[in-house]
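Chain by chain, the residues:
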Amino acid sequence: MSQEPMKLDPAPSYVHVVWITAGLSCDGDSVAITAATQPSIEELVLGAIPGVPRIHLHNPLLAYQNGDDFLQIMHDAAAGKLEPFILVVEGSIPNEKIKQEGYWAALGTDKETGQPIPTCDWIDRLAPRAQAVIAIGTCAAYGGVHAMAGNPTGAMGLPDYLGMSWRSAADIPIVCIPGCPVQPDNFTETLLYLLYQFVGRAPMIPLDESLRPRWLFGMTVHEGCDRGGFYEQADFAKEYGSPKCIVKLGCWGPVVNCNVPKRGWMAGIGGCPNVGGICIGCTMPGFPDKFMPFMNEPPGAKMSSSAVLMYGRTVRALRQFTQASLQREPDWRRPTTELSTGYTPSWNLPKR
Amino acid sequence: MGARKKVMKEGPERKVDLVTDSPPDSIVEKSWDPITRIVGSLGIHTKIDFAARRVIECHSTSSIFRGYSVFLRGKDPRDAGFITSRICGICGDNHATCSMYAQNMAFGVKPPPLADWIINLGEAAEYMFDHSLFQDNLVGVDFCEQMVRETNPGVLERAEHTEAPHGGLHGFRTIADIMRALNPFTGTFYREALQMSRLTREMFCLMEGRHVHPSTIYPGGVGTVPTVQLFTDYLVRLLKYVEFMKKVVPLHDDLFDFFYQALPGYHEVGRRRILLGCLGTFQNPEVCDFQYQTMPAWGEAMYVTPGIVVDGELITTNLVDINVGMRILLGHSFYDDWAGGELFVKNDPLGNPIDIRHPWNQTTLPRPQKRELGGKYTWVMSPRWLDKRTGEHLALDTGGGPLARFWTTALAGKVDIGYVKATGHSVKIVLPKTISLPETELEWKIPQWSNTIERNRARTYFQAYSAAAALYFVEQALKEVHAGRTKTWNEFQVPDEGIGCGFHEAVRGMLSHHMVIRKGRIANYQPYPPTPWNASPRDHFGTLGPYEDAVQGSPIFEENGPDKFKGIDIMRTVRSFDPCLPCGVHMYTGDSKLLEVRHSPTFGMGALHGKQTP
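None of the values given here were measured: they were computed from a predicted structure. (Residues numbered from 1 in each chain as written. Chains lettered and ligands numbered in written order. Predicted model: local features only at pLDDT ≥ 70, side-chain atom pairs only at ≥ 80, totals over all residues. Heavy atoms only, no water.)

## Here's the deal with the overall build of chain A
Definition in use: Helix and strand assignments follow DSSP, with helices taken as H or I runs no shorter than four residues and strands as E runs no shorter than two, numbered in order from the N terminus. Throughout, the radius of gyration refers to the C-alpha atoms, and the reference size of a globule is 2.2 Å times the residue count to the power 0.38. Relative accessibility under 20% of the residue-type maximum defines a buried residue, over 50% an exposed one, and the middle range a partly exposed one, all with a 1.4 Å probe and only protein chains included. Any two residues whose heavy atoms approach within 4.5 Å at even a single point are treated as in contact. Computed with a 1.4 Å probe, the accessible areas rest on the Shrake-Rupley method; for each residue, only the protein chains presented here act as cover.
Within chain A, the secondary structure is distributed over 11 helices and 7 strands. For 352 residues, the compact-globule estimate of 2.2 N^0.38 gives 20 Å, and the C-alpha radius of gyration of chain A, at 27 Å, exceeds that figure by more than 25%. Expressed along its principal axes, the backbone C-alpha trace of chain A runs to roughly 105 × 55 × 35 Å. A buried classification covers 60% of the 352 residues belonging to chain A. Intrachain contacts of chain A at a sequence separation of at least 6 include 73% that bridge at least 24 residues. Taken as a whole, chain A presents about 15,000 Å² of accessible surface, with 53% of it coming from carbon and sulfur.

## A short note on the side chain of Asp254(B)
All names here are of chain B. Convention followed: Under the counting rule used here, the positive set is Lys and Arg, the negative set is Asp and Glu, and His together with the chain ends is not counted. Throughout this description, the term salt bridge denotes a Lys or Arg side-chain nitrogen within 4 Å of a carboxyl oxygen of Asp or Glu.
Examined against the element boundaries, Asp254 turns out to sit in helix H10 (residues 228-262). For the buried Asp254, which has no salt bridge, the nearest side chain bearing the opposite charge is Arg457, at an N-O separation of 8.0 Å. Not counting residues up to four positions away in its chain, the partners in contact with Asp254 are Ala164, Pro165, His166, Gly167, His170, Ile175 and Ile178.

## Some thoughts on a nonpolar patch on the surface
In plain terms, the rule: The patches reported here contain residues having more than 30% relative accessible area and no salt bridge. Joining distances are 9 Å for like charges and 5 Å for nonpolar side chains (Val, Leu, Ile, Met, Phe, Trp, Tyr).
Taken together, Leu339(A), Tyr343(A) and Trp347(A) make up a surface patch of nonpolar side chains, about 450 Å² in accessible area. Inspection of the secondary structure assignment puts Tyr343(A) in the segment after helix H11 (299-326).

## Here we look at the side chain of His213(B)
Stated precisely, the cut-off is as follows: As used in this structure description, the phrase polar contact means that two N or O atoms lie within 3.5 Å; if the pair is within protein, one of them must be able to donate a hydrogen and the other to accept it, and residues adjacent in sequence are counted only when both atoms belong to side chains.
Examined against the element boundaries, His213(B) turns out to sit in the loop between helix H9 (188-208) and strand E6 (217-218). A polar contact of 2.9 Å, which involves the side chain of His213(B), links it to the side chain of Ser85(B). Residues within four places of His213(B) in sequence aside, it is in contact with Cys26(A), Cys180(A), Pro181(A), Ser85(B), Arg86(B), Cys88(B), Gly89(B) and Gly92(B).

## Quick word on the pattern of salt bridges
All names here are of chain B. Within the structure shown, the criterion is met by 46 salt bridges over all chains. Across the pair Arg273 and Glu392 runs a salt bridge, and its minimum N-O distance is 3.2 Å. Of this pair, Arg273 sits in the loop between H10 and strand E8 (275-278) while Glu392 sits in strand E15 (residues 392-394); the two residues are 119 residues apart in sequence, bridging distant segments of the chain. Given a relative accessible area of 12%, Arg273 falls into the buried group. What makes Glu392 partly exposed here is its relative accessible area of 29%. The partner of Asp355 in a salt bridge is Arg327, with the nearest N and O atoms 3.7 Å apart. Remark: Arg327 occurs in strand E11 (residues 326-329) and Asp355 occurs in the loop between strand E12 (335-336) and strand E13 (365-366); sequence separation between them is 28 residues. Overall, the relative accessible area of 11% leaves Arg327 in the buried class. Among the charged side chains, a network of salt bridges with common partners joins Asp253, Asp257, Glu454 and Arg457.

## Points about the interface of chain B and chain A
When the parts of a complex come together, some accessible area is lost, and that lost area is often used as the size of the interface. Keep this limit in mind: Buried area is a sum: the accessible area each of two parts loses on coming together, probed at 1.4 Å, counted once for each and added. Basically, the charged four are Asp, Glu, Lys and Arg, the nonpolar ten are Ala, Val, Leu, Ile, Met, Phe, Trp, Tyr, Cys and Pro, and anything else, Gly included, counts as polar.
Between chain B and chain A, the residue contacts involve 82 residues of the former and 77 residues of the latter. Counting each side, the surface lost to burial between chain B and chain A is near 6,400 Å², with a carbon and sulfur contribution of 62%. Sorting the residues of chain B by area buried against chain A places Phe185(B), Arg198(B) and Arg210(B) first, and these three jointly supply 10% of that buried surface. Run the count over chain B and chain A and you get 3 salt bridges. Here Arg198(B) ties to Glu42(A) by a salt bridge, and the two come within 2.9 Å at their closest N and O atoms. Run the count over chain B and chain A and you get 32 residue pairs in polar contact (both at pLDDT 80 or more). If you list the elements that add at least two residues to the side of chain B that touches chain A, you get helix H1 (68-72), helix H2 (80-85), helix H4 (113-139), helix H5 (145-151), H9 and helix H17 (568-576) of chain B. Counting residues per element, the side of chain B that touches chain A draws most heavily on H9(B), which supplies 9 residues. In the side of chain B that touches chain A, the residues fall into 42 nonpolar, 20 polar and 20 charged.

## Focus on the sheet that holds strand E4 (residues 42-49) of chain B
Residue and element names in this part refer to chain B. Applied cut-off: Strand pairing is assigned whenever DSSP identifies at least 2 bridges connecting the two strands. Think of each axis as a best-fit line through the C-alpha atoms, taken over the contacting stretch in the case of a helix, with angles from 0 to 180 degrees between the N-to-C directions.
One open sheet accounts for 3 strands, arranged E3-E4-E5; its pairing is antiparallel. Both outer strands of the open sheet, strand E3 (27-32) and strand E5 (54-62), are each paired with one neighbouring strand and no more. Between one strand and the next, the sheet's axes are offset by a mean angle of 15°, whatever the strand orientation. The sheet contact formed by E4 and E5 spans 8 bridges and is antiparallel. Following the sheet pairing, Lys47 is matched in E5 by Glu57. Lying over the sheet, H17 contacts E3, E4 and E5, oriented at roughly 140° with respect to E4.

## Examining the sheet that holds E8(B)
Residue and element names in this part refer to chain B. One open sheet holds the 3 strands; their spatial order is E8-E9-E10, and the pairing between them is antiparallel. Both outer strands of the open sheet, E8 and strand E10 (313-316), are each paired with one neighbouring strand and no more. Across the sheet, the mean angle separating the axes of adjacent strands is 25° when strand polarity is ignored. Judged from the 4 bridges that link them, E8 and strand E9 (residues 307-310) form a sheet pairing that is antiparallel. Among the inter-strand pairings, Cys278 is bridged to a residue of E9, identified as Gly307. Contacting E8, E9 and E10, helix H13 (residues 402-412) runs over the sheet at an angle of about 85° to E8.

## Focus on the confidence of the model for chain B
Residue and element names in this part refer to chain B. Applicable threshold: pLDDT is a residue-level measure of predictor confidence that goes from 0 to 100.
Counting all residues, the mean pLDDT for chain B is 90, and 92% of those residues have values of 70 or more. Below pLDDT 50 for its whole length, residues 1-18 participates in 52 contacts with residues either more than four positions away or in separate chains. As scored by the predictor, the complex reaches a pTM of 0.93 and an ipTM of 0.94.

## Focus on the packing of aromatic side chains
For any pair of aromatic rings, geometry is given as the distance between the ring centres together with the angle between the planes. All names here are of chain B. Under the convention used in this document: The aromatic pairing rule takes the rings of Phe, Tyr and Trp, using the six-membered ring of Trp, and pairs them if the centres are within 6.5 Å, calling planes under 30 degrees apart stacked, those over 60 edge-to-face and the rest tilted. Note on geometry: a ring has a charge over it if NZ (lysine) or CZ (arginine) is within 6 Å of the ring centre and within 35 degrees of the ring normal.
Counting across every chain of the model gives 42 aromatic pairs over all chains. Between Phe406 and Trp444 the ring centres are 4.9 Å apart and the planes differ by 15°, which places this aromatic pair in the stacked class. Of this pair, Phe406 sits in helix H13 while Trp444 sits in strand E18 (residues 440-445), and the two are 38 residues apart along the sequence. Judged by relative accessible area, Trp444 falls into the buried class, the value being 1%. These aromatic residues form a ring-pair network of at least three members: Trp117, Tyr127, Phe282, Tyr303, Phe406, Trp407, Trp444, Phe462, Tyr465, Tyr472 and Phe473. Directly above the ring of Phe462 sits Arg405, whose terminal nitrogen or CZ lies 4.3 Å from the centroid.

## Section: the nonpolar core
Where a protein is soluble and globular, its nonpolar side chains tend to be buried together. Note the threshold: We call a set of buried residues a nonpolar core when its members are Ala, Val, Leu, Ile, Met, Phe, Trp, Tyr or Cys and they connect through side-chain atoms within 4.5 Å of each other.
Of all hydrophobic cores here, the largest spans 243 residues; its most connected members are Ile278(A), Tyr234(B) and Ile429(B). Filtering out sequence-adjacent residues up to four positions away, Ile429(B) remains in contact with Phe406(B), Tyr419(B), Val420(B), Thr440(B), Glu441(B), Leu442(B), Tyr461(B), Ala464(B), Tyr465(B) and Ala468(B).

Below is the structure:
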């Protein structure tokens, strides 16, 4: 990818954010962004960050408008009357081709037919006009829970629907910010990055092969987990509630790309393995099927945790030995009449 | 249709035909789809008589189907909590908790007491967060200056000159000042509430790991590491919220009382028969063992009492009775009938017969089709509760959650933990001294009506109730830690065969999970959240769902005529129930074999032609 800034021409002073929650979703990502503080949604809406366009947010959860008034914004965007805009898609994309009639997911009513407008139609109308498209949450990114084996709707992720190599009007790939739900700041920070990019203050957003921002998803849960030290010492929890490494209780952290243990869930608080929750791999394209049953030890963990056993026990023993010595104060700290610190007072020095 | 439109209202007080003599051109169809500022996808379709200023018909529709129960089928029962949490993006943890309760019953495991206190603390934080965000960032906008200016300029004018009775407490001199503070994003109180919704989510994350799909909730207990620090971190945040509540409750009282005052008759908006259900929340670990046989006792020991209130009378607080009376009717929804399908549970563990239309026995067969308001029009089914006394299938609502919780708790008069006390006719909440405000006692009193304003008022009081109860839970949890009882999880075996049910209060009302295990796998799993109760369509008896019922027949106070009509009174009514549509529309236990057997062409034709099918 080019490292040249790819700004919109002309550089915008505001950017609309058109948000569809009408995929197969729980709206958990819309709710999550109200928790963001780095930056917060009100900072973006009120233009409180210097040097970037402010956003006009059109999200059904937070919208002032209602019904037709809200839908008009979507119609305007589809007709090219609302520019520039970023399209945010939340929820898995159902397959509407697998049934005779009706709909799995829809938003608003078609005035002519009186029937609901399928969400897929909205995506088809809006995506080609968007300067960037964000798939928020694992459902929109890769299909997620609703795309689980045995599902009736044929659900999939947005890149499955539009194609992995799809590019926006500004030649930006789909930006996937997985997480079930999305870690709040991961979204607002990515949105901020795109705003910087739009005004030429950042190069093309760096994405990995699963279309995730690299700076957010480049490390594994385990690499950022504060329980990693227990793993190194082969000290594994045997029951939930233990502060030790929980890989044997179902944690997939060593092989899952996610920054949550490092960043916390919000304000540095919460997370998964760092606070006692097994990582169930919710940021991964293979979620959830490849991680179930969640509470079983991952097959790979059996091998790797056995492999570290010898090394881990050895370093733990050595460290315990060293630590035992470090736990003792030096022996000169006592209320005796003799000073035994090794100090030689100058007034006792023999005269030259 | 003619000008004379009959509208049936249920209940002894309003069981009258509302007949309009207005000219035909005064009756206008108005729809709102999507309803924003709620969670999920909801449409409201009405006919309004602008001459009589009244809604004469209402249909509630939902346009998304996901199918949770189908992909749960055949899965490891322990996965149910992780998966069902994803039903809802604002109260997912309520599902995880409810599922964990159902699993505890099915697996025969009682978690250590500390686990129950930790969950109570997490769920209390969820109520504090969710009600705060919904009340002041979503519902609040319907009462904000910008909205009132557009819908009722006369009311705004009056608000400018009306002093807020509790201005000294909350800092806003006039009612219009409160309204301005609620303007989205620019309003100071809007932003303060948003920030408080974050603080309370931090409290939630301390207990349950992550919001809104928790990482530390397991059958048998929790994975949260119980340290002194954990509870300190929670407590200091809680006390900030306690202080906030001392301003928020009087602020909302001022705002809501003003609407009654400024618009005489406003109590009729969104009013329906008093038919409230609550399944109880906050377990008492001293009593609760999660066994079905003892459920009446531990249900009544909860710190919010379960119960059903009909016409102001508390007819039961017994969770077994409530469970046995549950019925899932197809209503006018996009599903085929499963009558004659598999009876998973014939009798409950106490020997009570379980109906084919009970969630334990539900097999749901989705059939996507065209939407016909006279026929099938929604993905939501019609849960009802069979009142044994009368044989009526009651369309219970949750009052958005808090109204039903308070009503049952107040009447039952069982809860008394110092910070909160049920009196038999009210609920007292004592908030201790905080950094700048003295000890404050609040009292929620049973209102005259089950209506839009009282649903909203109860919400703000329940925020205070949750905070007060959480103070007690912190004390109890610390007692365990100080005594060295820090175990948070107990081991269990998944049985080959078993059943379980979990009862809880999602933020917006009663939540149940019913599970059947066969060969160690999920054979049937049916979650029933509040929204199917509230958002349900007409059933085959012709009984309207609660949104429909509350809107239909409701007067209109908006000053705009049909052209600029915003439907604000209708929006306020629908939002007063705290709609959460993702919860409404996942109920589907697919069985491809059954689907083929049960698919009859005549049935499909009937649906197309708008015939009602039970």
